[in-house]
Structures are given as structure tokens and as C-alpha cells.
Amino acid sequence: MTASVLLIDDEEALVRSISFALKGEGYRAFGAHSGAEGLKMLGQNQPSVVLLDLRLPDMSGMEVLESIRADHPDLPVIMISAHGDTRAAVKAVKLGAADYLTKPFELDELFHVIAAALDRKRMDDEIAFHRHDALGKDGWIGTSPAMLRLAETLGQIARSTSSRVLLLGESGTGKTMAARAIHRQSPRAEGPFIEVNCASLPEQLIEAELFGAEKGAYTGAHQKRVGLVSLAHHGTLFLDEIGELPLAVQAKFLHFLEGGQFRPIGSNNAQSADVRIVAATNRNLAEDVRQGLFREDLFYRLNVIQVALPPLRERAEDVPLLARLFAERYAQEENAPPIRLSEATERCLGQYSWPGNVRELRNLIERLTILRGGALITPDDLPADMLSAPSASGRAPIGHSLADTERALLEDALAEAGGHKSRAAEILGISRHALKRRLQRLGMEG
Ligand SMILES: Nc1ncnc2c1ncn2[C@@H]1O[C@H](COP(=O)(O)OP(=O)(O)O)[C@@H](O)[C@H]1O
Ligand SMILES: [Mg+2]
């Protein structure tokens, strides 16, 4: 969704030129020339951020600010003050304005202040989301539509008493976390949450692990053993990497799912247990079924509700937020000052493919906190394989500094566009204005 900016200022030329510049940066922009008009447009246009002049013809900027704060307490308002009005602007910030700009200001400054205000708003929304949603307790982080939908789905699943859930997703996408979240929000929350990794045990032992065994039932069974299925009674049994369950054990497990009964190894007595099953896999189980590696009947028994956890690279907008919250968390754990990420670093992280998903990101932040606590992390501090950015023309320039990479990208695009800046901007997918700024910053435009 494009963010929209409402600009309330009586200087018509300023309103016009700033609106134009904002549109060039990809914002929607609306202008109002008085306090009353501004407040009216606020209701109609629902802007994401307001730029508000301190001096307006009909009322003071302070009054407009108060009125906005009363009706839209979460809406970021950036004050614009004339030279000499700085004290009033500072007072406005104390009263809840997000920031202020002093005329005359540079466009770069304007863009930066707006982006920062929107960023903070996003963080605030996220924190509010954590506070209000029960999943927050489990530390679930994400503002991308995919993650918000997922959090909602998990809550719904949790409240249904008996449904089985199959969690699908690459390693590190949050399957274990989701399974715990389902349990903790379910009516079984007071019962046990028992986790078993089907890939970690040899075939002979996994059956005993799940269903238990009588003393002497197999070599090495020196005493009677209670199975995890029994231990999970009235709770949730989480079967991780279910795709690795050996076929022989699959049959026994299917039997349990169908009738709620099982027999420990070496025992003639059927036992029963009331458990909710949550299973997870990073394999394509349907494909395994086709190849005869996984029982079709068991697949359908488990696959009552299917939830897919998207890989991190498909929700890059969550990366900076996850990174910052992990930075806070590890700073607390390590009793170290939190690392800060430069804008360029956040951009690199957003473009990286994250084969290890959230786990990889978490490990990176943990390592950086231990090694560089308190530091501003620049792209040079990142592992080299996080720095490559594919170019518009398909080549992948890999530079040690981000500036080099960016320069190469811009050169490529300009060459391809035969030197036409508008065309080059189009190739790069940025505005002409943004291209110009980058060229200036990199000293490529004289
Ligand atoms: N949405 C999320 N918010 C916060 N932390 C997450 C999220 N998803 C995953 N993590 C963290 O990433 C790591 C890997 O998650 P995990 O549930 O173990 O993944 P999986 O079981 O799919 O391999 C864990 O430390 C977990 O806390
Ligand atoms: Mg896991």
C-alpha cells in the first residue's frame, strides 16, 4: 500500500512543489491551505502522515495538532516551522508531534523525516499488535500481510478443540514456534506440550519412544518405558519432521489416529490417550505419498488443516523488524548495548535470500551482538555472501562496499539506457528524482 501524505500549509507554491516531489518518491500527496481544510481532508483521505505548518491563516498549527491528536492519536504529524519558530516546534514535539522541519529544508531531509516517522509508526503498530494479540506472548513477530494472516489463522486453529494441523515450511520458518503458539492458545494449554523429532531417532527406538515398551521387549529395554503419546494425554503432541517417520511406525501411528488406541511394544493391552496432533515437515509430503515414501491414508488423517509458513525471502518487509527486535532481545540477554543497523545494512538484509530463514537471521544478530555490541553495523560487517545484489541487467556485481555495488548498478542502467536518465530510472524501478540523488551522492553527476 502506498503511504499518503497530507500537507497543510498556506504557502501554495510550497504545497505544490512538495506534493510533486513526494509523488516522485512514490507517495500519494494531498495539500490543504488552512487548518479547517486540513482537518476536513484528514477525515476524507486518511493519510499515513501529516506535514503541518505552525503558522496557518485560520488557526495555529498547535491547535490543529491538538485536534489531530485527539481524533487520531496514532497518526504521525511532522511540524513545519519557519526560521525563528524552533522553540514552538520543539514544544509541538513534546505535545506529540513526530518530528519537525525548519524552513527552508532540503528535500532529502523531508524524505528522511517522513520515512523515519512511518517507520516508527510501523514499529508502534507492531508493538500494539503484540500487546493485543495472544500470540504476542510467544514472541511472534511480523507485519507483512502474510504473517498477520498467519497469526490470525493460528489463533483460530488453536480455539478449535480437536483439529489436526499439518505445518509446512522450510527449516527455520517458525514451525516449532507455531506449534507452541497453537498449544498455548488452545483449551489444552494447561496440559503438556510434548515434542518429538521423527528424524532424530533410529527406527527401532522411535516406536518405543512414541508408544512405550514393556521391560525386556527388545534388546536394551532394561525397564518399562512410558511413551510420549501417553505423556501427551490431555495436551498436544508435536511431531516434527513427520516425513521422516519410518513406514512401519506410520502404520501404527495411523491406527492410533483412527481409534485413539495403541499398544506399547511387548504389551498385549491396548491403551488410550487423548492428544491433539500437530505435525510439521519441510518435505513435500504429497510428493512423498506419490513416491510411496509416505502412507497416503496417514497423510489424509494428518492433513485436516494445512498451514504453510512462508520462507523469509518471500516476506522481506519483515526482515528489518525481526532484526531490530532480535537486536533488543540479545542485547538484554548478553547484557550488552544493542547493535544498530545502518540503512544500507537493512537494505542488504532485505535483499538476501535467507536459506536458513528466521533462524539464520536470529543467529546473525546474536553473533553481531556478542562481537560488536553497541556498534553501528555497516554492510562491511556482514558475511560476504549477504552482499551480492543482482543487477537490473542480470549480472551480479559483487563489491565489498555497497557504494561500489550501487555505482556498478547505476552505470549498467545508464549504459543500457544510452545515457537517458528517465529510462535508466525506469530500468532500476526508481523515480528519476531518486536516481538523480543517488548519482549525486556517489559523485557520478557533475
Ligand atoms: N515470526 C517469528 N517471530 C519471531 N521469531 C521467530 C519467528 N519465526 C521464527 N522465529 C524464531 O526463529 C527460530 C526458528 O524457528 P523454529 O520455529 O524453530 O523454525 P522451524 O521449526 O520451522 O525450523 C526460532 O528461534 C524462533 O524463535
Ligand atoms: Mg523446528
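Only a predicted model underlies this, so the values are computations on that prediction, with no experimental measurement involved.

### So, the overall build of the protein
Then, number 1: Along the backbone of the protein there are 18 helices and 14 strands.
Then, number 2: In terms of overall dimensions, the protein is more spread out than a globule: its C-alpha atoms have a radius of gyration of 28 Å, far above the 22 Å expected for 446 residues.
Then, number 3: Projected onto the principal axes, the alpha-carbon positions of the protein cover approximately 90 × 50 × 45 Å.
Then, number 4: Residues counted as buried form 32% of the 446 residues belonging to the protein.
Then, number 5: The long-range fraction of contacts in the protein, counting pairs at least 24 apart against all pairs at least 6 apart in sequence, stands at 65%.

### Thoughts on the site of ligand 1
Then, number 1: Ile141, Gly174, Lys175, Thr176 and Met177 are the nearest of the 15 residues found near ligand 1.
Then, number 2: Residues of the shell around ligand 1, tallied by class, amount to four nonpolar, eight polar and three charged.
Then, number 3: Residue-level mapping places the shell around ligand 1 at the junction of two domains, with at least three residues from each of domain 2 (160-216 + 223-308) and domain 3 (314-386).

### Structural notes on the packing of helix H13 (residues 319-334) against helix H15 (residues 357-372)
Then, number 1: Relative orientation of the contacting elements H13 and H15 amounts to 45°, with a least axis distance of 9 Å. In terms of their interaxial angle, H13 and H15 are classed as oblique. Note that H13 runs across H15; the crossing there is right-handed. In this structure, H13 uses Val319, Leu322, Ala323, Phe326, Ala327, Tyr330, Ala331 and Glu334 to contact H15, whose residues at the interface are Val358, Leu361, Arg362, Ile365, Glu366, Thr369 and Ile370.

### Quick look at H15
Then, number 1: A rise of 1.5 Å per residue sets the reference length of H15, with its 16 residues, at 22 Å; its end C-alpha atoms lie 22 Å apart and thus fit the reference within 8%.
Then, number 2: One or two steps after H15, the chain reaches Gly374, where phi turns positive at roughly 85°.

### Observations regarding the nonpolar core
Then, number 1: Counting residues in each nonpolar core, the largest one holds 62 residues, and the members touching the most others are Ile182, Val229, Ala323 and Leu361.
Then, number 2: Among the domains, domain 2 (160-216 + 223-308) and domain 3 (314-386) are the pair contributing at least three residues each to this core.
Then, number 3: Discounting chain neighbours no more than four positions away, the residues touching Ile182 are Leu154, Ile157, Ala158, Val165 and Val278.
Then, number 4: If you look at the next biggest cluster of nonpolar residues, it comprises 31 residues, including Val5, Leu54, Leu56 and Ile80.

### Here we look at the sheet that holds strand E7 (residues 193-197)
Then, number 1: Spatial strand order, E7-E8-E11-E6-E12: five strands in an open sheet with parallel pairing. Lying at the two open borders of the sheet, with one neighbouring strand each, are E7 and strand E12 (305-308). Adjacent strand axes in the sheet meet at a mean angle of 20°, parallel and antiparallel pairs treated alike.
Then, number 2: Of the pairings in the sheet, the one linking E7 to strand E8 (residues 236-240) comprises five bridges and is parallel in character. For Glu195, the partnering residue across the bridge sits in E8 and is Phe238.

### Focus on the packing of H13 against helix H14 (residues 343-351)
Then, number 1: Following both chains from N to C, one finds H13 and H14 inclined at 115°, their axes separated by 9 Å at the closest point. The two elements H13 and H14 cross, and the hand of that crossing is right-handed. Two secondary-structure elements touch here, H13 through Val319, Pro320 and Ala323 and H14 through Glu346, Leu349 and Gly350.
Then, number 2: The residue makeup of the contact of H13 with H14, split by class, is four nonpolar, one polar and one charged.

### With respect to the pairing of strand E4 (residues 77-81)
Then, number 1: With five of its five residues buried, E4 lies for the most part within the structure.
Then, number 2: Here E4 shows no split at all, with Val77, Met79 and Ser81 on one side and Ile78 and Ile80 on the other all buried.
Then, number 3: When strand E3 (residues 49-53) meets E4, the two strands line up parallel, connected through four bridges. Bridged to Leu52 within E4 is Met79.
Then, number 4: Considered for its hand, the β-α-β crossover made up of E3, helix H3 (residues 61-71) and E4 is right-handed.
Then, number 5: Looking at chain direction, E4 and strand E5 (residues 99-102) are connected through four bridges and run parallel. Considered in E5, the bridge of Ser81 is made with Thr102.

### Thoughts on the domain arrangement of the protein
Then, number 1: Each domain of the protein was delimited in the assignment, giving domain 1 (4-125), domain 2 (160-216 + 223-308), domain 3 (314-386) and domain 4 (402-441).
Then, number 2: On a C-alpha basis, the centres of domain 2 and domain 4 stand 54 Å from each other.

### A few points about the environment of Ser34
Then, number 1: Looking at the element boundaries, Ser34 is found in the loop between strand E2 (28-32) and helix H2 (35-45).
Then, number 2: Once you skip the residues sitting within four places of it in the chain, Ser34 turns out to touch Asp10, Leu56, Pro57 and Asp58.

### Concerning the sheet that holds strand E1 (residues 4-8)
Then, number 1: With respect to topology, five strands assemble into an open sheet ordered E2-E1-E3-E4-E5, the strand pairing being parallel. One side of each edge strand has no neighbouring strand; the edge strands of this open sheet are E2 and E5. Ignoring strand direction, the axes of neighbouring strands in this sheet form an average angle of 20°.
Then, number 2: Here E1 runs beside E3; their pairing, made up of four bridges, is parallel. By the bridge assignment for E3, Val5 is matched with Val49.
Then, number 3: Here helix H1 (residues 12-24) sits on the sheet and contacts E1 and E2; the angle it forms with E2, its principal contact strand, is near 170°.
Then, number 4: Helix H4 (residues 86-94) rests against E4 and E5 of the sheet, and its axis sits at about 165° to E5.

Rules of the game
Residues numbered from 1 in each chain as written. Chains lettered and ligands numbered in written order. Predicted model: local features only at pLDDT ≥ 70, side-chain atom pairs only at ≥ 80, totals over all residues. Helix = DSSP H or I, 4+ residues; strand = E, 2+ residues; numbered from the N terminus. Rg over C-alpha atoms; globule rule 2.2 N^0.38 Å. Buried ≥ 20, exposed ≤ 12 C-beta atoms within 10 Å, placed from the backbone. Contact = placed C-beta atoms within 7 Å. Near = placed C-beta within 6 Å. Nonpolar A, V, L, I, M, F, W, Y, C, P; charged D, E, K, R; others polar. Domains from an automatic or database assignment. Axes fitted to C-alpha atoms, helices over the stretch in contact; angles between N-to-C directions. Parallel < 35°, antiparallel > 145°, perpendicular 65-115°, else oblique. Left-handed = near helix turned anticlockwise from the far one by under 90°. Expected span 1.5 Å × (residues − 1). Core = buried A, V, L, I, M, F, W, Y, C linked by C-beta atoms within 7 Å. Pairing = 2+ DSSP bridges. Right-handed = clockwise from strand over helix to strand, strands pointing away.

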